[in-house]
Amino acid sequence: MNKKITKIITASILSLDIQDKNLAEDLNVEVTQTKNLSHGDFSCSVAMRLSKVLKLPPLDIAKKIINAIEIIDGIERIEAVPPGFINIFLTKSEKTQVLKKILKENNDFATEIPGSKNSVLLEFVSSNPTGPLHVGHGRHAAFGDSLAKLLRKAGYKVETEYYINDAGRQIDILLISILIRALNKLEIKSALPRACYQGEYLNPIADQIIKQYKNLLASLPVNNFLKQDVSEDVEIDLAILSIKNEIGDEMFESLSGEICNITINMIKEDLNTFGVNFDHWYSERSMINNGLINNSINDLKKLNLLYKQEGALWLKTTNFNDDKDRVVLRDDGRSTYFASDIAYHADKKKRGYDQLINILGSDHHGYIGRLKAGLSSLNFSPEDLEVVLVQFVSLYRGKKKIQMSTRSGEFIPMSELYNEVGVDAARFFYVSKSQSQHLEFDLELAKQTNNENPVYYIQYAHARICRVLTQMTSQTMSFEKAIAEKNLDKLTTKHEVELIAKLSGYPALIKQSAHNKTIHTLANYLHELAQLFHSYYGAETFLIADKELRNARVLLIQAVKIILKNGLSLIGVSAPSKM
RNA sequence: GCGCCCGUAGCUCAACUGGAUAGAGCAUCAGCCUUCUAAGCUGAGGGUUAGAGGUUCGAGUCCUCUCGGGCGCGCCA
């Protein structure tokens, strides 16, 4: 309908006696659904935009457009109101069409044809496998998973991916942390370097290592790794070196591989419980082993974009809008994290996706330019990569802010959160606010106000509808679709009109949310829909003697039920039939 | 110092790419269960959108400056 109206308005403008026809054609006629029903069902502000070029008062232009317009089926009337809005009122039967459509299409309502848009690789969470996910990752997981579902509904072909940083110094540190912990458990006392990871989650891993490698551990000499006289960084590097020498590079590699497997499985299980499952798990280590990183560096060499300075190999990212050049190979010959990322993103493109979307923490915003420069330098278009930034989650216990740091082990695991408040509530809470805003999460409040959480409000609306439907059958009434569809004109109360308008807006909401990559808009929409329903529920009785009105109302609430369930499913929240 | 993000009701947040009277929840106050589930409904109070200029038919939204907060500027990942 929206498109049809746009068309007739555009046609009307073109039929006017306008000197500059090109300008009228270039003009983007926007027809939007109104917020306020007294302004009609749709409204258009094009007259006010034309006002300046035509040098006429906007209201006059609006009137002219209306006079020249060709009224089509489904439109009741069109009016021009100050300061120059064109408001379009639809006929009753046109408005209720949407209800029939929702019932007919069910979950497919507002779903675009699969694959009608770009193919997308969506990467998110990608937390370092050095420990369990914490509440900050939870936001990324909830947001990313919902975005994948939303984009699929909007017609994109989406695959999700988790990039595993299972190479590099952090993994060495993890290994040292676990080995020393294991030694201590075996009464081979050794102090922990300052940079080591701490936290309860290391215990079961250490136990497992003891089980499998008792002899190896026992053969290690007692060593004091704590060296207060050097810096933290030097201290840990010495510890890594010393252990490597003791057990050999090969054993070191195999051990850290094994430990990564354990932590990755912890993370997978955690995400699975949270309702988040990835299509692909992509390992950085595998990329080193199969030569992808070397290949990329060779490609860059051929393109003459590398140079040596102070023993290291640099990439001229400044050629591509970066503020300084970046190192890809260190003076000791090892590749940098950035080198991995260039190879990784080039590989993503080579796998054939049109569009790459990365969801990153806002603290990584400085990295975006570098990533795009990396893609550009290998002749990929930087526009193919879109980065969605998610702001931090601040945790509070009451008024006290909790400081989080993975290394010190002072973090609240994501699992603790969803165990306390439930997966549904946690997921809804995470996505109910714009990802570009800081999220303040008060644990005390979240745990206490279980029943006040907005997610229950929405779920309750769904459960109430289900209840009405079962009551209907137990009162030996049945839903007769034909009767209902014939009597939709009888839905005339304020609540009914508003509900129908709200339901009509669902496809546009999906489209717009997918375009803007926001989920909170969907969460808000569902809350508003539930609110309209609860209000309706309080004002009217559905199961009444009047068969015609009853069936029409039951059809309406069934449509509400379908949309509630569909919307909740996109957020990864269940729609219970009983509460 | 340079760069990015943010500042809306007592609190937590909305406001569809500049649109009509800035909206919800929580909290506060006053009502509603003999009737489809009260995890609900109805109503009230609460705002100079941090501040000052500017752009235009129209600004919370765009531009400039000031103030206040967060983050980033490694041969870490």
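Now for a look at the structure at hand. (Residues numbered from 1 in each chain as written. Chains lettered and ligands numbered in written order. Predicted model: local features only at pLDDT ≥ 70, side-chain atom pairs only at ≥ 80, totals over all residues. Heavy atoms only, no water.)

A word on the packing of aromatic side chains
Working step 1: The full count for this structure, using the stated rule, is 18 aromatic pairs.
Working step 2: When the ring of Phe 109 is compared with that of Tyr 506, the centres are 6.5 Å apart and the planes differ by 10°; the resulting orientation is stacked. Within this pair, whereas Phe 109 is found in the loop between helix H5 (92–105) and strand S5 (119–123), its partner Tyr 506 is found in helix H21 (residues 506–516), the two being separated by 397 residues in sequence.
Working step 3: Judged by its relative accessible area of 3%, Phe 109 is buried.
Working step 4: The ring of Phe 252 has Lys 244 lying over it, and the distance from NZ or CZ to the ring centre is 5.1 Å. (Phe/Tyr/Trp six-rings, centres within 6.5 Å; stacked < 30°, edge-to-face > 60°. Helix = DSSP H or I, 4+ residues; strand = E, 2+ residues; numbered from the N terminus. Buried < 20%, exposed > 50% of the residue type's maximum accessible area, 1.4 Å probe, protein only. Lys NZ or Arg CZ within 6 Å of the ring centre and 35° of its normal.)

Description of unusual backbone geometry
Working step 1: The step from Pro 82 to Pro 83 runs through a cis peptide bond, and the omega angle for that step is 0°.
Working step 2: Considering the arrangement of structural elements, one finds Pro 83 in the loop between strand S3 (75–81) and strand S4 (85–90).
Working step 3: The phi torsion at Glu 187 lies on the positive side, around 65°, for a residue other than glycine.
Working step 4: Tracing the backbone through its elements, the reader meets Glu 187 in the loop between helix H7 (169–185) and helix H8 (202–219).
Working step 5: Its relative accessible area of 60% is what places Glu 187 among the exposed residues.

Observations regarding the protein's contact with RNA strand B
Working step 1: Near RNA strand B, the surroundings consist of 62 residues, among which Arg 330, Tyr 460, Arg 467, Gln 512 and Ser 535 are the closest.
Working step 2: One of the side-chain nitrogen or oxygen atoms of Arg 330 is found 2.4 Å away from a phosphate oxygen of RNA strand B.
Working step 3: Backbone polar atom of Glu 440 to a phosphate oxygen of RNA strand B: 3.5 Å apart, as the coordinates give it.
Working step 4: With 8 residues, helix H18 (residues 454–474) is the single largest residue contributor to the surface near RNA strand B.
Working step 5: Of the residues in the surface near RNA strand B, the class split is 20 nonpolar, 27 polar and 15 charged. (Near = heavy atom within 4 Å. Polar contact = N/O pair within 3.5 Å; in protein donor to acceptor, adjacent residues only side chain to side chain. Nonpolar A, V, L, I, M, F, W, Y, C, P; charged D, E, K, R; others polar.)

Digging into the pattern of salt bridges
Working step 1: Evaluated as defined, the whole model comprises 24 salt bridges.
Working step 2: Taking the shortest distance from any N to any O, the salt bridge between Lys 348 and Glu 123 comes out at 2.7 Å. With Lys 348 in helix H13 (residues 337–350) and Glu 123 in strand S5, the pair connects residues that are 225 residues apart, well separated along the chain. The pair formed by Lys 348 and Glu 123 is uniform in burial state, with each residue classed as buried.
Working step 3: A salt bridge links Glu 386 to Lys 517; the shortest N-O distance between them is 3.3 Å. Within this pair, whereas Glu 386 is found in strand S12 (residues 385–390), its partner Lys 517 is found in the loop between H21 and helix H22 (520–539), the two being separated by 131 residues in sequence.
Working step 4: Several salt bridges share partner residues, and in doing so they unite Asp 145, Lys 149 and Arg 427 into one network. (Salt bridge = Lys/Arg side-chain N within 4 Å of Asp/Glu carboxyl O.)

A look at the environment of Ser 574
Working step 1: Among the structural elements, Ser 574 can be located in the segment after helix H23 (547–571).
Working step 2: Sequence-wise, Ser 574 and Gln 459 are 115 residues apart; in three dimensions their C-alpha atoms are separated by 7.8 Å.
Working step 3: Aside from chain neighbours lying at most four places away, what touches Ser 574 is Asp 424, Gln 459 and Leu 568.
Working step 4: At 2.6 Å, the side chain of Ser 574 and the side chain of Asp 424 are in polar contact. (Contact = heavy atoms within 4.5 Å.)

Considering the side chain of Ser 45
Working step 1: Looking at the secondary structure, you find Ser 45 in the loop between strand S2 (42–44) and helix H3 (46–54).
Working step 2: Judged by its relative accessible area of 18%, Ser 45 is buried.
Working step 3: There is a polar contact of 3.4 Å between the side chain of Ser 45 and the side chain of Arg 49.
Working step 4: Non-local contacts of Ser 45, meaning those with residues more than four positions away in its chain, are made with Glu 30 and Phe 85.

Details of the nonpolar core
Working step 1: Counting 94 residues, the largest nonpolar core has Leu 99, Leu 271, Phe 274, Tyr 430, Leu 503, Tyr 506 and Ile 571 as the members making the most contacts within it.
Working step 2: Broken down by element, this core gets its largest block of residues, 13 residues, from H23.
Working step 3: Once you skip the residues sitting within four places of it in the chain, Tyr 430 turns out to touch Val 135, Gly 138, Arg 139, Ala 142, Phe 274, Val 393, Leu 417, Leu 439 and Phe 441.
Working step 4: Counting 33 residues, the second largest nonpolar core, distinct from the first, contains Leu 175, Ile 178, Ile 205 and Phe 225. (Core = buried A, V, L, I, M, F, W, Y, C linked by side-chain atoms within 4.5 Å.)

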